[in-house]
Amino acid sequence: MPQLGLLHGRAWAVLFGQLRRPPGAVCIRAVHSHSQVAEAALATQMKPRQEKSNFIIKTPKGTRDLSPQQMVVREKILDMVVSCFKRHGAKGLDTPAFELKEMLTEKYGEDSGLIYDLKDQGGELLSLRYDLTVPFARYLAMNKVKKMKRYHVGKVWRRESPTIVQGRYREFCQCDFDIAGQFDPMIPDAECLKIMCEILSGLQLGDFLIKVNDRRILDGIFAICGVPESKFHAICSSVDKLDKMSWKDVRHEMVAKKGLAAEVADRIGDYVQCHGGVSLVKQMFQDPRLSQNKQALEGLGDLKLLFEYLTLFGIAEKISFDLSLARGLDYYTGVIYEAVLLQTPAHAEEEPLNVGSVAAGGRYDGLVGMFDPKGHKVPCVGLSIGVERIFSIVEQRMKTFGEKIRTTETQVFVATPQNNFLQERLKLIAELWDAGIKAELMYKNNPKLLTQLHYCENMGIPLVVIIGEQELKEGVIKLRSVASREEVAITRENLVAEIQKRLSES
C-alpha cells in the first residue's frame, strides 16, 4: 500500500474503520432563473437592517463545506483511488456538470424523479448530471468512440432526502472507472472487480464482500415465476430494496403497490433469498425451471467464466453470488456487483453484519446505442467508488480518536529573532521556493520569535531556518529541528542541500 503523505501510519489505521449503512431517500426540485435570483437579492438589500439579523447563514440542505482537515483526508483517498485507476491503464475524462435534459430522461427508471432540472436563459432545458455513466455514454456516441478505458472524478446531484451523518448528500463526488469496447466475455468485468478489491483493501476499511449477480438471470427468474414483462423493471426495483428491507416488506410492496400476484411473489422469493459462491452458480444450472430460460443460461454461463477469472486474480473468496442484488438503474444489461463492508461480529459464531455499500457497478451494453442516431451499440462495463460514504467513516474515526491532521505541506518556516529583518527573510524564502522547497513566513515586519516557533509546532512544520544579525555577519543560517529543538549553523550556500537531505531522510 502506498504511503499516505501527511498522516502518520497509526492515524490512517485508526481513521479507516467501518461504515454505517446509509438508508435510501427522496427530496425537492429547485428551478431558478437569473431574474428570480436578482429580484431576491434586491429584496434582501431593501429590507430594514434589523430584519437582516434574522437571516441564517448556512449551506443548502444536503450539501456541506469541507474544512482544511477534511480536504486533506479527501485528497488522500482520491489520490489512492485515481492511482489505482491509472495503474490499470485508464485515461482521465471530464464532462459538463449539466446536460441537456433529454440526454438524461428515461435512463434511470424510478430514480428519474431525483434529477435536478434547471432552466437556461438560452432556451435549452437542462439538468444537473445524476451520475457519471450516462454522460460517458453520451460522450462515446457523440465522438463515435468505439473503445476506451477511462476514469472520471466529479460531482453529481440527486434530489434525495439527505442523511448527512451517514454519508448521503444531494451533492456528492463520484469516482468512476469504465471499459468501453467489444472484448471477449468477462475479462473486463473481472478486472473491474479486481480494481474494487485493490481500492477497498488499500483504504483499510475493514472486511468487505462484493455481491455479484446478472440482470439476465433476474429477468429469467421473473419470466419463469410469471411476472408480466411490462412489470420487470418495477419488480426489479423492489428486489433492489432487499438490502434495506426484509423479504416480507418487499413482498408486500410487490403485491400491494405493484399489483403482482401473491403466488408469483412467493416464487420470486424462493430464488432471490439465495446467495453463495460458484457452487450456487452450478446449482442454478441444474434448476429445472431456470435452466429452461435462455437469458438466465447466458447469465449463468458468464458468471461461471467470471468466477474462473476471479480465482486466477486471487479474489474469488471476496465475491458472493447473490440473487437478491438487482441494482435499480435501468441501463444495466448483464453482470452487476456491489461491495459492502462487513462489521466484525462480537462472537465467532455470529454472522457478519452488513453495514453499507461502498462501491458498485455493472455491465451496460445498450446505453451508448440510446444516444447513437443509428443505434450502434458499444458494450461497456464499469464501477463507481462511494467516496462520500468512505469519507463518513474517516470523519467518525477522526472525531472518536481525536487524531491531529496536518492541513498544509509546509516543510520549512523562515523566522527571525530580531526586528527589521523582513527583507532578509523575503530573500531567503525566495531561494527556498525557487529550489522547490515548501516554505512559509509570518506576514509581519517584526514578529516575535516565540510566536513563530509556536506556529511551527501547531502546524507540524518540521524545520525552521533562522536569520538574524549574528547569522548575517557570519554568513550562516541556523537550521532548527522543531521536534528535537536542536539547532545547527549552515553556510548560506549549503542551506538548500542540507534541507533537502533532511527532508529526504524523514
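First, a word on scope: everything that follows refers to the structure included in this document. Counting restarts for each chain, with residues numbered from 1 along the sequence as it is written. Residue-level local features of this predicted model are given only where pLDDT is at least 70; pairs of side-chain atoms are given and counted only at 80 or more, and the full residue set underlies all totals for whole chains, interfaces and linings. Water and hydrogen atoms were dropped before computing side-chain values, which therefore reflect all heavy atoms in the structure.

Brief notes about helix α12 (residues 278–285)
Two residues of an α-helix separated by three or four positions point the same way, owing to the 3.6 residues in each turn. Summary of the burial criterion: residues with accessible area below 20% of their type's maximum are buried, those above 50% are exposed, and those between are partly exposed, where the area comes from a 1.4 Å probe applied to protein chains only. A run of H or I in DSSP becomes a helix once it reaches four residues, and a run of E becomes a strand once it reaches two; helices and strands are each numbered from the N terminus. Looking only at α12, the buried set comprises Leu280, Val281 and Met284. For α12, the angular spread of buried residues about the axis comes to 105°, placing them on one side. Residues count as neighbours in contact if any of their non-hydrogen atoms are within 4.5 Å of one another. On its buried face, α12 is in contact with α11 (262–272), β8 (275–276), α13 (294–313) and β9 (319–322). The arc under discussion is defined with respect to the helix axis, by the directions toward the C-beta atoms.

As for the pattern of salt bridges
Each salt bridge in this description consists of a side-chain nitrogen of Lys or Arg and a carboxyl oxygen of Asp or Glu lying within 4 Å of one another. Scanning the entire structure with this criterion turns up 29 salt bridges. The shortest N-O distance in the salt bridge between Glu198 and Arg87 comes to 2.9 Å. Placement of the pair is Glu198 in helix α7 (residues 187–202) and Arg87 in helix α4 (residues 68–87), with a sequence separation of 111 residues. Judged by relative accessible area, Arg87 falls into the exposed class, the value being 55%. One salt-bridge network, held together by shared partners, links Arg64, Arg74 and Glu388.

Notes on the nonpolar core
Nonpolar cores are built from buried Ala, Val, Leu, Ile, Met, Phe, Trp, Tyr and Cys residues. Side-chain atoms within 4.5 Å join them into one set. In this structure, Phe85, Ile210, Ile268, Phe321, Tyr337 and Ile385 are the most contacted members of the largest nonpolar core, which totals 80 residues. Sequence-distant contacts of Phe85, defined by excluding residues within four places in its chain, comprise Ala90, Tyr151, Cys175, Asp176, Phe177, Ile195, Ile199, Leu383 and Ile385. Counting 25 residues, the second-largest nonpolar core is a separate cluster that includes Leu93, Val134, Leu140 and Ile336.

Notes on the packing of helix α8 (residues 215–225) against helix α9 (residues 232–239)
Every axis corresponds to a line fitted to the C-alpha atoms, with the helix fit spanning only the stretch in contact, and the corresponding angles, defined between N-to-C directions, vary from 0 to 180 degrees. Contact geometry of α8 with α9 gives a least axis separation of 11 Å together with a crossing angle of 110°. By the criterion of interaxial angle, the relationship of α8 to α9 is roughly perpendicular. As for how α8 packs across α9, the hand of that crossing is right-handed. When α8 is examined against α9, the residues Arg215, Leu218, Asp219, Phe222 and Ala223 are found in contact with a partner set consisting of Phe232, His233, Ile235, Cys236 and Val239. As a working rule, the residues Ala, Val, Leu, Ile, Met, Phe, Trp, Tyr, Cys and Pro are called nonpolar, Asp, Glu, Lys and Arg charged, and the rest polar, with Gly in that last group. Its residues placed into classes, the contact of α8 with α9 shows 7 nonpolar, 1 polar and 2 charged. Orientation is classified from the angle alone, with under 35 degrees giving roughly parallel, over 145 giving roughly antiparallel, 65 to 115 giving roughly perpendicular, and any other angle giving oblique. In this scheme the crossing of two helices becomes right-handed for a clockwise turn of the near helix relative to the far one and left-handed for an anticlockwise turn of less than a right angle.

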